[in-house]
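Residue strings, one per chain:
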Amino acid sequence: MNALASVLLRREVAILVVILSLLVTGGLGYFARNVQQDDDVLAFLPQGNPDVARFYDINRRFGGLNVALVGLEIDGLFSRSSLEQLKSTTQELNDLPDVSYALSISNLEDPANDPYEGLTLRTLVQDLPNTPEEEEALRSHVMSQAHVVGTLVSPDSKAAMIYCFLGADVDQRATANA
């Protein structure tokens, strides 16, 4: 060990090690220019595996993986102006040609028990609040829905999520940019 240390401590050897390190780094840097980013986690699944093939077939037929998520941080989420903004954004996303359906609390159907008609569907946010009392009542109603909190509305009610279900065989990057 002492012999190796004495060789490495010689000035000529130290300079040679530095030069070799720079050459190797430069050579690898040249090849690093051609490295491409692949943010598709599914690209790393083994392509010959029958379970992976079945998974891709199910996705091709039903489109379960073609979902884009749009998150919005909104102060006073349940105020009239914030809900109008959320509704407008959801509608704009629904109008994109490659989006099959955009879903947020502004257009989520909410099953309600009607004593005369049985189970009826209505929009979760039917009427926009005009008063602080209406705003609080709406907030309480939405936050009492277990399937909504943590998926479409953050537990602290300071953010909302819009799920955009994309059509089959769409260019996901182009749609995300749009």
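Check the entry above for the structure.
Below, the structure is looked at part by part. (Residues numbered from 1 in each chain as written. Predicted model: local features only at pLDDT ≥ 70, side-chain atom pairs only at ≥ 80, totals over all residues. Heavy atoms only, no water.)

**Description of the overall build of the protein**
Argument step 1. The helix and strand tally for the protein stands at 6 helices and 5 strands.
Argument step 2. Taking 178 residues into account, the globule formula puts the C-alpha radius of gyration at 16 Å, and the protein, at 28 Å, lies well above it.
Argument step 3. Summarising its shape, the C-alpha atoms of the protein cover approximately 95 × 45 × 30 Å along the three principal directions.
Argument step 4. Here the protein holds 178 residues, and the buried ones make up 25% of them. (Helix = DSSP H or I, 4+ residues; strand = E, 2+ residues; numbered from the N terminus. Rg over C-alpha atoms; globule rule 2.2 N^0.38 Å. Buried < 20%, exposed > 50% of the residue type's maximum accessible area, 1.4 Å probe, protein only.)

**Comments concerning the sheet that holds strand β2 (residues 99-103)**
Argument step 1. Across the sheet, which stays open at both edges, the 3 strands sit in the order β1-β5-β2 with antiparallel pairing between neighbours. Edge positions in the sheet fall to β1 (67-73) and β2, since each has one partner strand and no second. If you compare each strand with its neighbour and ignore which way they point, the axes differ by 20° on average.
Argument step 2. With 4 bridges connecting them, β2 and strand β5 (residues 159-166) associate as antiparallel partners. Residue pairing across strands places Ala 102 opposite Cys 164, the latter belonging to β5.
Argument step 3. Packing against the sheet, helix α4 (residues 80-94) makes contact with β1, β2 and β5, and its axis sits at approximately 165° to β2. (Pairing = 2+ DSSP bridges. Axes fitted to C-alpha atoms, helices over the stretch in contact; angles between N-to-C directions. Contact = heavy atoms within 4.5 Å.)

**Focus: the nonpolar core**
Argument step 1. Phe 78, Ile 105, Val 142, Val 148 and Val 153 are the most contacted members of the largest nonpolar core, which totals 25 residues.
Argument step 2. For this core, the elements supplying multiple residues, two or more each, are α4, β2, α5 (132-143) and β5.
Argument step 3. Sort the elements by how many residues they give to this core and β5 lands first, with 4 residues.
Argument step 4. Discounting chain neighbours no more than four positions away, the residues touching Ile 105 are Phe 78, Leu 83, Leu 86, Leu 124, Val 125, Val 148, Leu 152 and Val 153. (Core = buried A, V, L, I, M, F, W, Y, C linked by side-chain atoms within 4.5 Å.)

**Quick notes on the pattern of salt bridges**
Argument step 1. By the definition in use, this model includes 5 salt bridges.
Argument step 2. Between Arg 10 and Glu 12 there is a salt bridge, with the nearest N and O atoms lying 3.9 Å from each other.
Argument step 3. Given a relative accessible area of 56%, Glu 12 falls into the exposed group.
Argument step 4. The shortest N-O distance in the salt bridge between Arg 54 and Asp 51 comes to 2.5 Å. Here Asp 51 and Arg 54 lie together in helix α3 (residues 50-62), a separation of 3 residues that amounts to about one turn.
Argument step 5. The partly exposed category is assigned to Arg 54, whose relative accessible area is 49%. (Salt bridge = Lys/Arg side-chain N within 4 Å of Asp/Glu carboxyl O.)

**Notes on the layout of surface pockets**
Argument step 1. For the largest pocket, the calculated volume is near 530 Å³.
Argument step 2. The set of elements that each furnish at least two residues to the lining of the largest pocket consists of α3, β1, β5 and α6 (172-177). (1 Å grid on protein atoms, 1.4 Å probe; cavity = no way out; pocket = protein on both sides within 12 Å on 5 of 7 lines; lining within 4 Å. Points joined across faces, edges and corners; volume = space filled by probe spheres on them.)

This is a description of form; function is not addressed.
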